[in-house]
Each structure stands twice: as C-alpha cells, then as structure tokens.
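Spelled out, the chains give:
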Amino acid sequence: MKDNIPKTIIMFLTGAITYFYFEIFMRGYSHISMFILGGLCFCLVGNIGLLMMRINWSLVVRLIMIMLMSSCVITFLELITGIIVNIRLDLSVWDYSQLKYNYRGQICLLYSAIWSILGLPCVFYYGIIEKFVIGSGRKEKTKAKQ
C-alpha cells in the first residue's frame with residue numbers, strides 16, 4: 001500500500017497539471033476544481049484502462065471498451081464536480097446548457113464523446129509513466145525471474 005502512494009501522487013499531479021494547462025490553452029482560464037478533476041480522471045481512467053488492456057479480447061474491442069469506460073468515468077466525475085462546484089457553490093466554472101442533450105448544464109453528449117476519445121491517450125501516457133518513470137515494469141520483471 002505504501003508503495004502506491006508516490007505512484008498515485010505522481011499520476012494525480014500529471015493529470016491535474018496537464019488538464020489544468022490544457023484548459024488554459026483552450027479556454028484562456030481554468031479553476032482549481034479542474035486541477036482536482038483532471039488528476040482524479042487521469043488516475044481512474046489510466047488505471048482501469050491498463051487493466052482492460054490485459055483482458056484477452058481483440059485490440060479493437062479493448063480500445064472501444066476503454067473509450068466507453070473513459071466516457072462514463074469522466075462524465076460521471078464531471079457531473080459530481082459540476083453539482084458541487086457549479087450548482088451548490090454557484091461558481092459557474094462551466095455551463096453546457098447551450099449545448100444539445102445536456103443535463104442541468106453540467107454534462108452533455110458532445111463532451112461525453114470527447115471524453116471517450118481523450119481516454120485513449122490518457123491510458124497510453126499513464127502506461128508510459130508507470131513503466132518508464134515510476135518503473136513498475138521493472139519490478140514485475142524482477143519478480144518473474146525469482
């Protein structure tokens with residue numbers, strides 16, 4: 001358990017910082033809630049995605065399943081964050097009410113589709129960081145030799 005704490009912190013900060021600055025690049029501003037949401041999404045989608053890559057299905061099916069999972073996880077976390085940040089705290093960080101097929105202006109079909117596409121590079125980079133930066137791939141190889 002203690003071995004996972006540094007990994008989790010690195011992964012969380014990677015997702016948090018990346019998404020925070022991605023929003024600044026795309027919208028010109030961001031919010032601390034997006035920092036937290038980005039970190040949570042990166043950790044969950046990356047971790048679940050790598051587990052899904054180990055399932056004995058064709059590559060195409062695994063990629064589609066990762067896309068569906070990414071869409072569901074990120075959309076769910078976005079809804080919870082939106083209810084807290086935008087509705088309860090009235091901070092107006094984002095508002096999808098002008099888009100079709102939205103729910104209370106917090107989630108919408110368009111962004112759910114975008115999150116599904118974003119899931120693939122998320123899982124890819126999560127795996128690269130895990131293997132080459134954190135080095136968990138080396139631990140598994142060492143255990144296998146013993």
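Read on for an overview of the structure.

Here is what the cut-offs are and how they apply
Residues numbered from 1 in each chain as written. Predicted model: local features only at pLDDT ≥ 70, side-chain atom pairs only at ≥ 80, totals over all residues. Heavy atoms only, no water. Phe/Tyr/Trp six-rings, centres within 6.5 Å; stacked < 30°, edge-to-face > 60°. Helix = DSSP H or I, 4+ residues; strand = E, 2+ residues; numbered from the N terminus. Buried < 20%, exposed > 50% of the residue type's maximum accessible area, 1.4 Å probe, protein only. Salt bridge = Lys/Arg side-chain N within 4 Å of Asp/Glu carboxyl O. Core = buried A, V, L, I, M, F, W, Y, C linked by side-chain atoms within 4.5 Å. Contact = heavy atoms within 4.5 Å. Polar contact = N/O pair within 3.5 Å; in protein donor to acceptor, adjacent residues only side chain to side chain. Axes fitted to C-alpha atoms, helices over the stretch in contact; angles between N-to-C directions. Parallel < 35°, antiparallel > 145°, perpendicular 65-115°, else oblique. Left-handed = near helix turned anticlockwise from the far one by under 90°.

**Quick look at the packing of aromatic side chains**
One pass over the full model with this rule turns up 10 aromatic pairs. Ring centres 6.4 Å apart and planes at 80° place the aromatic pair Phe12 and Phe35 in the edge-to-face group. On the criterion of sequence distance, the pair formed by Phe12 in helix α1 (residues 4-27) and Phe35 in helix α2 (residues 32-53) is long-range, its members being 23 residues apart. Judged by relative accessible area, which is 21%, Phe35 ranks as partly exposed.

**A word on the pattern of salt bridges**
A side chain of one charge can pair with a side chain of the opposite charge if their charged atoms are brought near each other. One pass over the full model with this rule turns up two salt bridges. Its salt-bridge partner being Lys7, residue Glu130 comes within 2.5 Å of it at the nearest N-O pair. Here the residue Glu130 occupies a position in helix α4 (residues 109-134), and Lys7 occupies one in helix α1, the gap between them amounting to 123 residues. When its relative accessible area of 17% is taken as the criterion, Lys7 is described as buried.

**Some remarks on the nonpolar core**
Core analysis: the largest hydrophobic core is formed by 25 residues, its most contacted members being Met11, Met34, Phe42, Val45 and Met69. Elements with a contribution of two residues or more to this core: α1, α2, α3 (59-88) and α4. Per-element tally for this core: the top contributor is α2, with eight residues. In this view, Met34 contacts Tyr19, Glu23, Thr81, Val93 and Trp94; residues no more than four positions away in its chain are not counted.

**Describing the side chain of Ser30**
Along the chain, Ser30 turns up in the loop between α1 and α2. Among the polar contacts listed, one links the side chain of Ser30 to the side chain of Glu23, at a separation of 2.8 Å. Not counting chain neighbours up to four residues away, the residues in contact with Ser30 comprise Phe20, Glu23 and Ile24.

**Regarding the packing of α1 against α4**
Where α1 meets α4, the closest approach of the two axes is 11 Å, and the angle between their N-to-C directions is 140°. Relative to α4, the element α1 lies oblique. The crossing of α1 and α4 is right-handed. Facing α1, whose interface residues are Lys7, Ile10, Met11, Thr14 and Tyr19, α4 presents Trp115, Tyr126, Ile129, Glu130 and Ile134.

That's the geometry; what it means functionally is another story.
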